[in-house]
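The residues making up each chain are set out below.
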Amino acid sequence: MTNTINGIVDSDVMLVIGSNTTETHPIIGLRMLAAAKKGARLIVADPRRIMLCDRAELWLQQRPGTDSALINAMCHVILRDGLEDRKFIEERTENFAAFRESVADCTPQWAEKISNVPAGEIEKAARIFAQAERAGIYYTMGITQHTSGTDNVCALANLALITGNLGKAGAGLNPLRGQNNVQGASDMGCNPTFFPGYQRCDSPEARRKFAGIWGVELSDRPGLVATEMPDAILEGRLAGMWIMGENPVLSDPNSDHVRRALEKLEILVVQDIFLTETAELADVVLPAASFAEKEGTFTNTERRVQRVRRAVPPPGEARDDLSIINMVAARMLATGHGHSISMDPVFHTVPPLAPEIFAEITTCWPAMAGMSYERLEEGPLTWPCPTPDHPGTPILHVDGFPRGRALLSAITWQGPEELPDEEYPLVLTTGRVLYQYHTGTMTRRSRVLEDAAPGPYVEMNPDDARAAGVADGDEVRASSRRGSIVLPVRVTDRIQQGLVFIPFHYREAAANLLTNDALDPHCKIAEAKVCAVKIEKTVTEPAPLAL
Amino acid sequence: MPIRLLPSGFWLLIPLMSNVKLTIDGNEIIAEKGLTILEVARRSRIPIPTLCYVPGTVGDPACEICVVEIANHAECGLRSQLKTEGLFRSCATLALDGMEVLTSSEAVIAHRQERLALISQKHFGDCKAPCNLTCPGQINVQGYIAHIAMGQYEEALRLIMERNPVPFSVGRVCPRFCETRCRRILVDEPVSINHLKRFVADWCMNHEIDLKIPKERPTGKRIAVIGGGPAGLTAAFFLTRKGHDVTIFEAAPQLGGALRYGFPEYKIPKEVLDYEINSILRMGINIRLSQRWGTDFTLQDLKDMGFDATFIGIGAGVDLPLDIPCTENEHVYAATSFLRMVNLGKRPDMGRRAAVIGGNNIAMEVARSLVRLGVDEVTVIYPRSRIEMPANQRNIKEAEKEGVQFLLMASPVSICGVPEKNFRLKLDLIRMKLGEPDKRGKRDVIPIPDSTNSLSVDTVVTSLGQRAVAEPVVKGGELEAQLALTPRGMIQANPRSSQTSVDGVFAGGDAASGPKSVIQAVVSARRAADNIHAYVMQQPKAPAESRFNFTRGRSFDDVSLRNFDGIGVQLREKVPERPPETAIQDFDEVKLGFTEKMALREADRCLSCGCTAFDRCDLKRLDIEYKVNINKTGMGTVPHYPIDKTHPAITVDRNKCIFCRRCERVCQYDALTVSAQSVDEYGRPVGLEITFGDNCVSCGKCVDNCSTGALNKRSRIVPIQSEKVRDIRTTCPYCGTGCQMILKVKGQTVMEVTADPEVGPNYGDLCVKGRFGHNFIHHPDRLKRPLIRRQKGMPLEPVKWDEALEFMAQSFARIRGEKGPDALAGLSSARCTTEENYAFQKFFRAGIGTNNVDHCARY
Ligand code: SF4
Ligand code: SF4
Ligand code: SF4
Ligand code: FES
């Protein structure tokens, strides 16, 4: 996020697109509701009638995969009617001419045809947004999990830039991170192209810097992104993997493909707190610690670095993940402190411990250079925080952009890779429910949560249900080109015609057996949010006669 | 209706002046205009109690706990609407210039007391469960049963060990005080509490659970413990936990005392005892075996060795003699020496017929041991009736089942006579009868003249009670000579301070109290440990816990049967035991213990009497603080409402609701209504309804703000009592908002999650996952050991870390060698910490030499 969570309350207009905020980020949702109560105008763009729609002034019910068409049309209207922030554009952006050119044809009527949102509503949304003093944009995976994910984000950035909504409170471009430490993992270079702190691995200068810190020469060969790994395995390029705390067999699109690939590895090491679907395939399973059993930091969606503190020791022989990495490193490389056994009788930690690692991190990335555990003890810090007396930076780009001027990008809308056809007439979109989280490893083992949302379902519009001959509660088979699952149907007009929704938390009907693993060409994110499916009533076998 | 007491025209003043100056309890305070007295006081850190207050709102009806006195209210233009002139609700009265506020004047205190008493009159429930209150050890019985019901055996045992370090033994031999008061008796039968305790102890032993009991930082103090029985072990355990360096001096070659040498193996198997003792010693305790006090060392020696304090827990192992002629015979034994011999594995010839003289618990063990030694006829001789025998009735029955006979109302007079042929001894007896009652109504027994009788036997064992020391003074040195004893031969120790007559020397357990149950020895030694801690640290002792308790009824007669509406009869599980015919053939354990299934079924029978809001109840806290004696002023006596369990996350007990309506006002989703058909003259509700709307998202904020246990988290079924709860501040593991949360940790268990209203980004808010999604931490499915698959196609099998790491390291090294570093890849996790992610990618980049490292943020 460029801005803060509590700043939401100060906004005049909120555009929430592709984010079911009250369910996926309930506390951020609360702030949105509070802002709405205070009089902020809320625009929701979502194919499903999510809870926020009830409080929205405007609900744009776009077809899945048409977001950038919608946004481009909004930009079109703003420029057409002269509602843009000229001063901001002149002083702080570049490439405006090309951008103006790119949206010249994106009329609301054009976008209506693509997105199904009435042109009048697009006009209205554009005006509400552009005329606000402070307008914030909020989005999640609904925007990014597409083959056009990068374009979608650029389109939103354009909208924020031309209306001058960056660098001030109650505004900004705000991706809401879905998991507790996506931000931290990205910051730390768990990414094939970047070292920690977004320093590119193909830059000789960065390589020299990290070679200096780590004391070894570093590879300049580009690495594989996660979504490319299954194919690399099947092609024999990858033979061993270590998966720490992830469950790709359930979370990745086209998961059958992922499973087949992982099974082909010579060695698969999975480190987790439960025997997940992925761990079941492993050759080595390392028992790890939950968040309550380790020291460290998480960085939230606001870039706010906050402490995680150990409350209890890990159960049995389980160890915290950092100690496991240290043990493996010591064993394989004779590095670190060289310990592979623990000196700590209760927590069994193996150094270097979190504070030491954190200190090392602050030496490799200027944005965190001013942080320390001592400072975090007093309260969280938001990066960039370059010096020990720097207070942190809750709102980005107040005085300018890192590259000087922000680039307006020319985006042409491209549809999703897989469209419905005669055989697979419906569009499937996936997501979360309030009570569950990700692949359910944790939530499904917490009684209240599991009781509240115990099983999978597919949401279907009444018209589609009638056409498919199914009624609320019926068991149906949902199939795509990649697989099929059986689950009950929920008939509701919260969802538009032609679209079905399945939460992806459930192993007994794993939505990702159906989804598409086609990748966004830029950031290699898979198109988990849109694919073509069909829904049929399952034929119940006649019960065998009782003797 | 919110009451706002404002002088007329006040609103006009606000824009003109921005500050007011007032005094609170004599302190001059300058505050922003427009704040209530309560807000001003809180900002100045002057405490004012509240019940119905939620910041930014005004309570209706008013609890009136926040009252203050405004000495010059007339001058301020205020008129009180409360009963006593001059008192005002600080939460609803604006602070005005020149005000003189008193927060704890006599009138204020009296008003608060009266209001609390009135509110408490309608509050119905149990603070603590009766089992908990009856257990001498004050063990959180309901709590560990709840853990068992959830399959959390390790947690259950840890909770027991908070107060009792010898659960294996106590779970086998306890007289079960708690079960006699179990509320379930009013439905069918008491919960089989003690067998449940034994079950968790055994389960943890069989699963090799390391309880990871934490110790406090070393204090540098050294403490000597004389005696390695239940009292000594208990004192050593608690003192070690407190960080002291403890050494146990034991006269026998092995630790255990009465547990080892008093209870035969069929009660406490030696291997179980060894395990129990080892789990205590694992805390890091020094032991000196075969060191007898008075012979091998003296109290002065201990001082000279540098011990800062000494605990005497030697038990009561000296038998009282049988005062009749001819007891100096090799076939006449005293109980404890007899049991010691049996427990050492000796099996001397006891003949065919034996008499046991005495009716205490030890006599029963003697009799049952004799049966096992092959004696055909074992007779217990006791001068009173069966009901008056000091032994536990359960023990008497068990002995009887194994064929032990009882000769009651009889007393031995001599063993000098010539026995019948083939017997070794002739025991002359006299019959007894009850005498006239004395002043206190107790009737002594007196011999019936000329009623002699005799019994020919081979062995006589006497069990007439024990003392701690044999002589009127303890042998040893000067300090021993100063050590005062009781007339009955025990070490004299103050029951509160555990102090003996010698400074720095403490005593507890049977050595001080005379023979009692194991749990009583544990309690006494635990108290002594607290006292010793305070003594060596020169700190005041922690104040005793308040005995304040709301109760549904003190005795069974007081308890309304309406409490049990809808609870069906389910009889207790029968613990499997060996039939007496085979049990008497050997010294193996008789009772086999519950299976897991039985334990789960039995744990389910518990009615969860005590309040799970025990640790956070504002009403109780204020009642205690204001010394409200609810036993006099009254409390609810019958349930008016059934308990409502229809909400997925929240249990509602309207009987405990005090109608403060805080819950309603904190809900940000407007999803909760608390209403009453009417309120009485004191603002108390009649016909209370608490309803959740469809828009409730189960965030649980209402529960965390409830003044009482009326709202409770369904998953939080273990009451938190006594031992302190640690608050760990951390970050939520779910979505990217990064809510700051507080984990409430007891022992090594995360009991619940709350949030601090002062800390962002969430300021006291949490979603349902944050507040309720933590059960997975202690889920039985957690991975607890490394697993490897030795070959594709084979199953995963548990191994030691060493082997798993070696397997992994070799495979990775081989692949890197054969195919190059890019044939390896790592996927890290957005759920792990920043430090872990950094170390992970560093391992791949710097260690393996590849950029093949990614995380799953794309999903
Ligand atoms: S029912 Fe449970 S809580 Fe109540 S007295 Fe019996 S064991 Fe204790
Ligand atoms: S659980 Fe949350 S949403 Fe439901 S009533 Fe309580 S505070 Fe309101
Ligand atoms: S349920 Fe709790 S918070 Fe709500 S009115 Fe009753 S006592 Fe007060
Ligand atoms: S009336 Fe002020 S806190 Fe209840």
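Criteria and cut-off values
Residues numbered from 1 in each chain as written. Chains lettered and ligands numbered in written order. Predicted model: local features only at pLDDT ≥ 70, side-chain atom pairs only at ≥ 80, totals over all residues. Heavy atoms only, no water. Helix = DSSP H or I, 4+ residues; strand = E, 2+ residues; numbered from the N terminus. Buried < 20%, exposed > 50% of the residue type's maximum accessible area, 1.4 Å probe, protein only. Contact = heavy atoms within 4.5 Å. Areas by Shrake-Rupley, 256 points an atom, 1.4 Å probe, with all protein chains shown as cover. Lys, Arg positive; Asp, Glu negative; His and termini not counted. Charge placed at Lys NZ, Arg CZ, Asp CG, Glu CD. Domains from an automatic or database assignment. Arc of directions from axis to C-beta. Pairing = 2+ DSSP bridges. Axes fitted to C-alpha atoms, helices over the stretch in contact; angles between N-to-C directions. Phe/Tyr/Trp six-rings, centres within 6.5 Å; stacked < 30°, edge-to-face > 60°. Lys NZ or Arg CZ within 6 Å of the ring centre and 35° of its normal. Near = heavy atom within 4 Å. Nonpolar A, V, L, I, M, F, W, Y, C, P; charged D, E, K, R; others polar. Salt bridge = Lys/Arg side-chain N within 4 Å of Asp/Glu carboxyl O. Parallel < 35°, antiparallel > 145°, perpendicular 65-115°, else oblique. Left-handed = near helix turned anticlockwise from the far one by under 90°.

Remarks on the overall build of chain B
Now for step 1: For chain B, the helix and strand inventory stands at 28 helices and 31 strands.
Now for step 2: Along the three orthogonal principal directions, the C-alpha set of chain B runs to about 115 × 90 × 60 Å.
Now for step 3: Counting every position in chain B, which comprises 859 residues, the buried fraction comes to 59%.
Now for step 4: Across chain B, every contact between residues at least 6 apart in sequence was considered, and the portion connecting residues at least 24 apart equals 66%.
Now for step 5: In the structure as shown, chain B presents an accessible area of about 35600 Å², 51% of it carried by carbon and sulfur atoms.
Now for step 6: When the 113 basic and 101 acidic side-chain charges of chain B are each reduced to a single mean position, those positions are 2 Å apart.

With respect to the domain arrangement of chain B
Now for step 1: Domain annotation for chain B reports domain 1 (19-104), domain 2 (126-213 + 549-610), domain 3 (223-260 + 296-320 + 465-541), domain 4 (321-464), domain 5 (618-778) and domain 6 (787-854).
Now for step 2: The C-alpha-based centres of domain 5 of chain B and domain 6 of chain B are spaced at 45 Å.

A few points about helix 11 (residues 204-214) of chain A
Now for step 1: Within helix 11 of chain A the residues assigned to the buried category are Ala-206, Arg-207, Phe-210, Ala-211 and Trp-214 of chain A. One side of helix 11 of chain A holds all its buried residues, which, seen down the axis, span an arc of 135°. Along helix 11 of chain A, exposed side chains directed more than 90 degrees from the buried face belong to Glu-205, Arg-208 and Gly-212 of chain A.
Now for step 2: Residues of helix 11 of chain A that are buried make contact with strand 7 (194-195), strand 8 (199-200) and helix 16 (354-364) of chain A together with helix 28 (834-848) of chain B.
Now for step 3: The first or second residue beyond helix 11 of chain A is Gly-215 of chain A, which carries a positive phi of 75°.

Let's talk about the domain arrangement of chain A
Now for step 1: Annotation of chain A at the domain level lists domain 1 (6-176), domain 2 (182-382) and domain 3 (426-537).
Now for step 2: On a C-alpha basis, the centres of domain 1 of chain A and domain 3 of chain A stand 26 Å from each other.

Points about the sheet that holds strand 14 (residues 381-382) of chain A
Residues and elements named next belong to chain A.
Now for step 1: Here three strands make up an open sheet; going across it, the order is 12-13-14 and the pairing antiparallel. What marks the edges here is a single partner per strand, and that holds for strand 12 (296-299) and strand 14.
Now for step 2: As paired strands, strand 12 and strand 13 (residues 304-308) are joined by four bridges and run antiparallel to one another. Directly across from Thr-297, in strand 13, lies its bridge partner Arg-307.

What about the sheet that holds strand 1 (residues 19-24) of chain B?
Within a sheet, adjacent strands bond to each other through the backbone by hydrogen bonds, running parallel or antiparallel.
Residue and element names in this part refer to chain B.
Now for step 1: Within the open sheet, the five strands sit side by side as 2-1-5-3-4. Their pairing is mixed. Unpaired on one side and paired on the other, strand 2 (27-32) and strand 4 (87-89) mark the two borders of the sheet. Averaged over all pairs of adjacent strands, the angle between their axes in this sheet comes to 40°, without regard to strand direction.
Now for step 2: Two strands pair when backbone bridges link them, and strand 3 (residues 67-70) and strand 4 are joined in this way by three bridges, in the antiparallel orientation.

A word on the packing of aromatic side chains
Now for step 1: Scanning the model with the defined rule gives 25 aromatic pairs over all chains in all.
Now for step 2: Ring centres of Trp-242 of chain A and Phe-840 of chain B lie 5.0 Å apart, and the angle between their planes is 70°; on these two criteria the pair is classed as edge-to-face. With one member in each of two chains, Trp-242 of chain A in strand 9 (residues 240-244) and Phe-840 of chain B in helix 28 form a pair that bridges those chains. Taken individually, Trp-242 of chain A and Phe-840 of chain B each receive the classification buried, so the pair is uniform in this respect.
Now for step 3: Ring geometry for Phe-291 of chain A and Phe-776 of chain B: centres 6.4 Å apart, planes at 35°, overall tilted. Placement of Phe-291 of chain A in the loop between strand 11 (284-287) and strand 12 and of Phe-776 of chain B in the loop between helix 26 (768-772) and strand 28 (787-788) is noted, with the two residues assigned to different chains. Pair check on accessibility: Phe-291 of chain A and Phe-776 of chain B agree, each one buried.
Now for step 4: The ring centre of Phe-406 of chain B lies 5.4 Å from the NZ or CZ of Arg-386 of chain B, which sits over that ring.
Now for step 5: Over the ring of Phe-614 of chain B we find Lys-620 of chain B, and its NZ or CZ is 3.9 Å from the ring centre.

Some details on the site of ligand 3
Now for step 1: Every residue near ligand 3 is listed here: Cys-657, Ile-658, Phe-659, Cys-660, Arg-661, Cys-663, Ile-690, Cys-706, Ser-707, Thr-708, Ala-710 and Leu-711 of chain B.
Now for step 2: When the residues that make up the shell around ligand 3 are grouped by side-chain class, the tally is nine nonpolar, two polar and one charged.

Some words on the pattern of salt bridges
Residues and elements named next belong to chain B.
Now for step 1: Within the structure shown, the criterion is met by 85 salt bridges over all chains.
Now for step 2: With a closest N to O distance of 3.0 Å, Asp-428 and Lys-426 form a salt bridge.
Now for step 3: Look at the salt bridges and you will find they share partners, linking Arg-368, Arg-372, Glu-398, Lys-401, Glu-402, Glu-577 and Lys-591 into a network.

Details of the environment of Leu-600 of chain B
Residue and element names in this part refer to chain B.
Now for step 1: One can find Leu-600 in helix 21 (residues 596-604).
Now for step 2: Judged by relative accessible area, which is 29%, Leu-600 ranks as partly exposed.
Now for step 3: Taking the C-alpha atoms as reference points, Leu-600 and Leu-239, 361 residues apart in sequence, are found 34 Å from one another.
Now for step 4: Setting aside residues no more than four positions away along its own chain, Leu-600 makes contact with Ile-148, Ala-149, Gly-151 and Tyr-153.

Topic: the packing of helix 15 (residues 321-333) of chain A against helix 28 of chain B
Now for step 1: The N-to-C vectors of helix 15 of chain A and helix 28 of chain B enclose an angle of 15°; their axes lie 9 Å apart at closest approach. Comparing the axis directions of helix 15 of chain A and helix 28 of chain B gives the class roughly parallel. As for the relative orientation of helix 15 of chain A and helix 28 of chain B, their crossing is left-handed in sense. Contacts between helix 15 of chain A and helix 28 of chain B pair Asp-321, Leu-322, Ile-325, Val-328, Ala-329, Met-332 and Leu-333 of chain A from the former with Glu-835, Glu-836, Ala-839, Phe-840, Phe-843, Gly-847 and Ile-848 of chain B from the latter.
Now for step 2: Tallied by class, the residues present in the contact of helix 15 of chain A with helix 28 of chain B amount to ten nonpolar, one polar and three charged.

Observations concerning the site of ligand 1
All names here are of chain B.
Now for step 1: What surrounds ligand 1 is the set Ala-129, Pro-130, Cys-131, Gln-142, Ile-145, Cys-182, Arg-183, Val-191, Ile-193, Cys-606, Leu-607 and Cys-609.
Now for step 2: Breaking the shell around ligand 1 down by element, the ones donating at least two residues are helix 4 (130-134) and helix 5 (141-149).
Now for step 3: Among the residues forming the shell around ligand 1, the class breakdown is ten nonpolar, one polar and one charged.

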